[in-house]
Amino acid sequence: MLLEVRDLHVEFRTRDGVAKAVNGVSYGVDAGETLAVLGESGSGKSVTAQAIMGILDMPPGRITGGEILFQGRDLLKLKEEERRKIRGAGMAMIFQDALSALNPVLTVGDQLAEMFTVHRGMSRKDARAEAVELMDRVRIPAAKERVRQYPHQFSGGMRQRIMIAMALALEPALVIADEPTTALDVTVQAQVMELLAELQREYRMGLILITHDLGVVADVADRIAVMYAGRIVESAPVHDIYKAPAHPYTSGLLASIPRLDHKGGELYAIKGLPPNLMHIPPGCAFHPRCPMARDVCRTDVPPLYEVSPTRGSACHYWRECLDGVDG
Ligand code: SF4
């Protein structure tokens, strides 16, 4: 396995108390595979990604347990200098907000070329040529001319393409894309996702796609891990989840996707709010919002039950959920 996260725990110490952001997360991704990590904000999906990349703010963040194995090495045991090397060539991240991730006072060409001069020791001229080629690859029209422009001169979708180009420049084995299309309108969203999926296949990289929107991952993900209150509550091949979810939270996320064939009426929304991570409810953390909750849910934390050899659900009543009984 390219990347394996095992029983990861992350907390944040603040003046008001300890927020338990990640509470025993385990997942893995192989070369050439796309894992979508799904959940509302505060579910721990981005914090887990930051821990993998080694860019977690520590303090206030603290990794209190677990392992992150990348190509067989536990990243948590490496020195910062070794991690920095891996961050350049082994793994890369695509952020949601390209405008703040890119340097506003450097041309996009200079920013792309810097990847090659710094990490590959290329001459400025060769690096510039690589930058143009990369921009072509991510289908930025008139790349030769636009390489001299600044980030603010590009549209949101084009900027996101530049972010993708920067992430892929050194051909990393793993790319983590954190809500890469959230800031874009729907048509551009689809184009950027399509490009990402295409490049992922071409480069055979492992891709972790973090999103709160189940609708955007259907065509690109191989597996889905659904997170809630810092835990994985369902993990399964993408087709299994769309066919029949085995956790009421996943059912709620599926029901909230807008559908073209569903005209009129209100869009479904999961009732209530995600929990305060300083006061995670006892038992199943989802019980205050769950239409299937019973007494045992308020006291007993559900383990990740094995639904099938490739599927797990942290719901005491996953069988009923699979059968479509929703309380
Ligand atoms: Fe709902 Fe209970 Fe399942 Fe939690 S364990 S998701 S509260 S039915």
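Rules used in this analysis
Residues numbered from 1 in each chain as written. Predicted model: local features only at pLDDT ≥ 70, side-chain atom pairs only at ≥ 80, totals over all residues. Heavy atoms only, no water. Near = heavy atom within 4 Å. 1 Å grid on protein atoms, 1.4 Å probe; cavity = no way out; pocket = protein on both sides within 12 Å on 5 of 7 lines; lining within 4 Å. Sits in = over half its atoms within 2 Å of the grid points. Nonpolar A, V, L, I, M, F, W, Y, C, P; charged D, E, K, R; others polar. Pairing = 2+ DSSP bridges. Helix = DSSP H or I, 4+ residues; strand = E, 2+ residues; numbered from the N terminus. Axes fitted to C-alpha atoms, helices over the stretch in contact; angles between N-to-C directions. Contact = heavy atoms within 4.5 Å. Phe/Tyr/Trp six-rings, centres within 6.5 Å; stacked < 30°, edge-to-face > 60°. Buried < 20%, exposed > 50% of the residue type's maximum accessible area, 1.4 Å probe, protein only. Polar contact = N/O pair within 3.5 Å; in protein donor to acceptor, adjacent residues only side chain to side chain. Core = buried A, V, L, I, M, F, W, Y, C linked by side-chain atoms within 4.5 Å. Points joined across faces, edges and corners; volume = space filled by probe spheres on them. Left-handed = near helix turned anticlockwise from the far one by under 90°.

Draft legend 1. Broad picture of the site of the ligand. The immediate surroundings of the ligand are formed by H247, P248, C284, F286, H287, C290, M292, A293, C297, C315, H316 and Y317. Judged by its atoms lying within 2 Å of the grid points, the ligand is housed in the largest cavity. Within the shell around the ligand, the residues separate by chemical class into nine nonpolar, three polar and no charged.

Draft legend 2. Geometry of the sheet that holds strand β3 (residues 34–38). On the basis of which strands lie adjacent, the open sheet formed by eight strands has the order β6-β7-β8-β3-β9-β10-β12-β11 and mixed pairing. This sheet does not close on itself; its edge strands, each paired only once, are β6 (91–94) and β11 (305–308). Ignoring strand direction, the axes of neighbouring strands in this sheet form an average angle of 20°. Of the strand pairs in this sheet, strand β7 (residues 174–178) and strand β8 (residues 206–211) are connected by five bridges, and their pairing is parallel. The residue of β8 that forms the bridge with L174 is G206. Relative to the sheet, helix α2 (residues 80–90) contacts β6 and β7, its axis offset from that of β6 by approximately 70°.

Draft legend 3. A look at the packing of aromatic side chains. A complete count under the given rule lists three aromatic pairs for this structure. Between Y228 and F286 the ring centres are 5.1 Å apart and the planes differ by 80°, which places this aromatic pair in the edge-to-face class. One end of the pair, Y228, is in strand β9 (residues 223–228); the other, F286, is in the loop between α10 (248–255) and β11, and 58 residues separate them in sequence. Exposure remark for Y228: the relative accessible area of 4% places this residue in the buried category.

Draft legend 4. Up close: the side chain of R87. Its place among the elements puts R87 in helix α2. Reaching out from R87, the side chain makes a polar contact with the backbone oxygen of G54 at a distance of 3.2 Å. Excluding its chain neighbours within four sequence positions, the residues that come into contact with R87 are M53, G54, I55, E80 and A92.

Draft legend 5. Quick look at the nonpolar core. Judged by nonpolar contacts, the single largest core of 70 residues is most densely connected at I164 and I224. The element that contributes the greatest number of residues to this core is helix α7 (residues 156–168), accounting for eight residues. Setting aside residues up to four positions removed in sequence, I224 forms contacts with L35, A36, L38, L214, V217, E234, S235, A236, V238, I241 and Y242. With 35 residues, the next largest nonpolar core counts A19, V25, A49 and L78 among its residues.

Draft legend 6. Up close: the side chain of T211. Structurally, T211 is set in strand β8. Residue T211 is classed as buried on the basis of its relative accessible area of 5%. Among residues more than four places away in sequence, those in contact with T211 are V37, L38, G39, K45, E179, V216 and V217.

Draft legend 7. Expanded view of empty space enclosed by the protein. Applying the stated criterion to the full structure yields two cavities of 30 Å³ or more. Of the voids in this model, the largest cavity is the one considered here, and its volume is about 90 Å³. Contributing to the lining of the largest cavity are 14 residues, with P248, C284, C290, C297 and C315 lying nearest its centre. The residue makeup of the lining of the largest cavity, split by class, is eleven nonpolar, three polar and no charged. Its boundaries defined by the atoms lining it, the second largest cavity holds a volume of some 50 Å³. Residue lining of the second largest cavity: E40, S41, G42, S43, Y228, A229, Y249, P274, P275 and L277, and that is the complete set. Tallied by class, residues from the lining of the second largest cavity come to six nonpolar, three polar and one charged.

Draft legend 8. Structural detail: the layout of surface pockets. Its volume calculated, the largest pocket comes out at about 530 Å³. Looking at the largest pocket, it is lined by 24 residues, and the ones nearest its centre are Q189, A190, M193, G215 and V216.

Draft legend 9. Structural context of the environment of L199. Along the polypeptide, L199 turns up in helix α8 (residues 186–203). Among the residues examined, L199 registers a relative accessible area of 1% and is labelled buried.

Draft legend 10. Examining the packing of helix α4 (residues 108–120) against helix α5 (residues 124–137) more closely. Close contact between α4 and α5 brings their axes to 8 Å; oriented N to C, the two are set at 115°. Crossing geometry of α4 relative to α5 is assigned as right-handed. Along its contact with α4, which presents V108, G109, D110, L112, A113, F116 and T117, the element α5 presents R124, A127, R128, E130, A131, L134 and M135. Taken together, the residues that form the contact of α4 with α5 break down as eight nonpolar, two polar and four charged.

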